[in-house]
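# A structural walkthrough
As a plain string of letters, each chain reads:
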Amino acid sequence: MAKKKTAKKSTRRSTKSKPKTTKKINLRLSKQNKIVLGSLLMLVSIALFIAFISYFFNWRLDQSQLVDFTERNAQVENLMSKFGASISHFMIYKGVGIAAFIFAGLLFMTGLYLFINIEVKKLVNRWFWGTIIAVWMSVFFALVFNKVSLLSGIIGFEINSLLTDYIGKIGVGLVLAFTAIAYGVIRWKLTPEGVASSLSKTKEELSSELTNEPSSTTEAVTEVENTSEAIDLSVSEETTIADPDPIAADVQKTNDADVYNSFEVKVGEEEAIEEPVLKTVETPKEEEVAIEVEKIVEEKTLTDNLSDKLVKDFGEFDPTLELGNYKFPTLELLKDYEGGASITINQEELEENKNKIVDTLKNYKIEISQIKATIGPTVTLYEIVPAAGVRISKIKNLEDDIALSLAALGIRIIAPIPGKGTIGIEVPNKNPSIVSMRSVIASPKFQKAEMELPLALGKNISNETFVVDLAKMPHLLMAGATGQGKSVGLNAILTSLLYKKHPAEVKFVLVDPKKVELTLFNKIERHYLAKLPDTEDAIITDNTKVIHTLNSMCIEMDNRYELLKNALCRNIKEYNAKFKARKLNPNDGHRFLPYIVLVVDEFADLIMTAGKEVETPIARLAQLARAIGIHLIIATQRPSVNVITGIIKANFPARIAFRVTSKIDSRTILDGGGADQLIGRGDMLYTQGNDLIRLQCAFVDTPEVEKITEFIGSQRAYPDAHLLPEYVGEDSGTGLDIDIADRDAMFKQAAEVIVTAQQGSASLLQRKLKLGYNRAGRLIDQLEAAGIVGPFEGSKARQVLVPDILALEQLLENEKN
């Protein structure tokens, strides 16, 4: 019994160990398949040889028939008919010329290796060097004949012409010479010493042949012939006389062979010299064996090898392939406003303002050593270098006096200008120019921007396009008085992203309490917008849907962080790069993650209606969502503490301030003054936590946005908008029917209290009936299930659905019946 148990255990172990061996996939061809494939390749290569040779004699006659390849009755002179004429034209004339014979030879060699069952790995080296020789010959013949011929082909001619344009014919010749030297050194192991020794040997052989007399050579040959005949005769005589003993015959044959060998070594000394040459030829085989051993050792990094193989076979993953024919909006959709291209310099205005500034400062005994003007689209910056000993605060206090002398609004003094030893005075232009969105989008700074989410905000005082990266901000707060350009700024931000990013790379979540500002983007719902499942409109206008959407984005944030944790990545950029390189398995839940930009217009209205239900998810997203590609753009009129709390505000270092009415509002937005001195109509201040930059926002009108959305919406789109995770609201009401038998003993009294007061709250029941909070909460749930009070509405009291006591009694009697 013990032996049987041990036998059973051993069989179980053997059966368990078998699946480990079956996991290996054998991709090798059988011997029969190799013979069939090898014979096919050899026959195809022979056909190519025949077609190529025939092409050199009949190419002029067959040239006109190539167009009629599909016609069966077309006459072709090539020995391999239409196939031979077309493949020869492709490989010789359009290819590498006469060097096409090399590829036919390589194909024959591949078939021969398979037919004889030799390792095919050695062919990779031959194909590599054969391709280099073919290209080298093609370029060489193109350099010699300087035209497209059958010797060079189009490939050689084009490579030669390209290199000639940059380095000239002499340079091409030097490149070919270098390639030939490199080939000889790498492929044939040639060295200067070896070449010199071989040349010296050939010289010695030639001199020895010239100096030796022909009579001595003839005598040596006759001696060799006589000795061979004597040996042959002796063998024949011994075989006829002696007994047929095989052992003796073998001994005699070996002795005769020794005589031959000894004689040949003495006479032919050249063969003894060639032996080390044969050894040097065998050295590359030893190196190839060593390389194969290294490849076997590299099996430790299996996942990397598989990903590299996938990338080589299929290329990197391209998320834009599903909409591969998508076309970005053109510049013709944007309007080019007059004066937007260049700024006209009014010399009289500059001189007049300069004199007034200098005179005003002189009235207060402030000397200036230098003044310089920088003209912008709406504002001119005058840089002043005060004389030695002048206090900066003294000039800063004269802000109102300078504005009075210039008779201009919006004077702003920067004392000092960061990074410069000057004081800046910003004076509005009398004739400001419009910064069109077209000029900003067409600028090289935006077109060549290598950013994840580039935003073209407008132009600065130096009339340079200002482009920032939303991914590095990472969130943006926009504020300003009504009618100063917030909605235009949001349209400019969305337009710049539409012109730069593919629909697979970025998605928008648009919240518009006004219901009219962002409705134009409904046309690109299936391209760029994201929404909750089972919702009709992607642009959110209802406050309850806003709450659900924000909580859904928090779920999306948590899901993305889980994916990043499993992929061992720190941010979305590393994760997507890893996914594109096919190092993450989609079967494990990994997918390409697009950027999500949440745009909220009139954030103060949401806070007033929803309160903390909006504030909590916004605070979570502002704190955590930066690394996983979710970015927030919030616009409001005045970001006071009751609208944007300190926690949210601390996570919005990037801020845009349009014109406000008071310095207090400016400090609320920028934590400093300056926004109250702007002139409006897109004039804004931008900060990313350090310096203030004055910009003129790019202007994009409603018809332009409509044209862009129609252009995008008319193209092929995804089946549906990008769906966010589903969110189930956590209301305190159960929403379930409660059995009448399970109701509380004080249910009727609680219903009478609620109906009498017309206020559905648990605190009312606690006070009137002297109950604890848990029992009062259960009574409220039972009242909701009975249809007496409405569902949970946040901080508000529940709505009472029964108007009076009579209606309550009738409702309760109907339940009993």
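Residues numbered from 1 in each chain as written. Predicted model: local features only at pLDDT ≥ 70, side-chain atom pairs only at ≥ 80, totals over all residues. Heavy atoms only, no water.

The next point concerns unusual backbone geometry. Of note, the amide linkage connecting Met473 to Pro474 takes the cis form, showing an omega dihedral of 0°. Tracing the backbone through its elements, the reader meets Pro474 in the loop between strand E6 (465-469) and strand E7 (476-479). With phi around 65°, Asn463 is a residue other than glycine that occupies positive phi space. Relative to the assigned elements, Asn463 resides in the loop between strand E5 (454-460) and E6. Even without a glycine there, the phi angle at Lys515 is positive, about 70°. The residue Lys515 is located in the loop between strand E8 (506-511) and helix H18 (525-528) in this model. (Helix = DSSP H or I, 4+ residues; strand = E, 2+ residues; numbered from the N terminus.)

Turning to the sheet that holds strand E11 (residues 630-636), a few remarks are in order. Spatially, the 9 strands line up as an open sheet ordered E6-E5-E14-E13-E12-E7-E11-E10-E8, and their pairing is mixed. At either end of the open sheet lies a strand with only one pairing partner, and these are E6 and E8. With strand direction ignored, the average angle separating the axes of adjacent strands in the sheet is 30°. Pairing of E7 with strand E12 (residues 654-657), which is carried by 4 bridges, proceeds in the parallel orientation. Bridging across to E12, Ala479 finds its partner in Ala657. (Pairing = 2+ DSSP bridges. Axes fitted to C-alpha atoms, helices over the stretch in contact; angles between N-to-C directions.)

Further remarks concern helix H5 (residues 122-145). An ideal rise of 1.5 Å per residue puts 34 Å on 24 residues; H5 measures up with 35 Å between its terminal C-alpha atoms. Where H5 is buried, its residues touch helix H3 (81-96), helix H4 (100-116) and helix H6 (153-188). Phi for Asn146, located one or two positions after H5, is positive at around 60°. (Expected span 1.5 Å × (residues − 1). Contact = heavy atoms within 4.5 Å.)

Quick look at the nonpolar core now. Core analysis: the biggest nonpolar cluster contains 103 residues, and Leu457, Phe508, Leu598, Phe603 and Leu621 have the highest contact counts within it. Broken down by element, the residue count for this core peaks at 9 residues, all from helix H19 (residues 543-567). Aside from chain neighbours lying at most four places away, what touches Leu457 is Phe466, Val468, Ile493, Ile656, Met684, Tyr686, Leu695, Gln696, Cys697 and Ala698. In this structure, Ala751, Leu765, Ala776 and Leu808 belong to the second largest nonpolar core, which totals 23 residues. (Core = buried A, V, L, I, M, F, W, Y, C linked by side-chain atoms within 4.5 Å. Buried < 20%, exposed > 50% of the residue type's maximum accessible area, 1.4 Å probe, protein only.)

Looking now at the packing of aromatic side chains. With the rule as written, the count across this model stands at 13 aromatic pairs. With centroids separated by 6.0 Å and ring planes inclined at 35°, the aromatic side chains of Phe49 and Phe101 adopt a geometry described as tilted. Linking Phe49 in helix H2 (residues 31-63) with Phe101 in helix H4, this pair joins segments that are 52 residues apart in sequence. With a centroid separation of 6.4 Å and 70° between ring planes, the pair formed by Tyr326 and Tyr528 is classed as edge-to-face. On the criterion of sequence distance, the pair formed by Tyr326 in the loop between helix H11 (302-314) and helix H12 (347-363) and Tyr528 in helix H18 is long-range, its members being 202 residues apart. There is no split in this pair, since Tyr326 and Tyr528 are both buried. Connected via pairs of aromatic rings, a cluster forms that spans Phe49, Phe52, Phe56 and Phe101. The cationic tip of Lys500 hangs over the ring face of Phe446; the distance from NZ or CZ to the ring centre is 5.4 Å. (Phe/Tyr/Trp six-rings, centres within 6.5 Å; stacked < 30°, edge-to-face > 60°. Lys NZ or Arg CZ within 6 Å of the ring centre and 35° of its normal.)

One open sheet accounts for 4 strands, arranged E1-E2-E4-E3; its pairing is antiparallel. Each having just a single partner strand, strand E1 (368-375) and strand E3 (412-414) make up the two edges of the open sheet. When the angles between neighbouring strand axes are averaged without regard to direction, this sheet yields 20°. Here E3 runs beside strand E4 (residues 423-428); their pairing, made up of 3 bridges, is antiparallel. Within E4, the residue paired with Ile413 across the bridge is Ile425. Each of E1, strand E2 (379-386) and E4 touches H12; the most contacted strand, E2, lies at about 40° to it.

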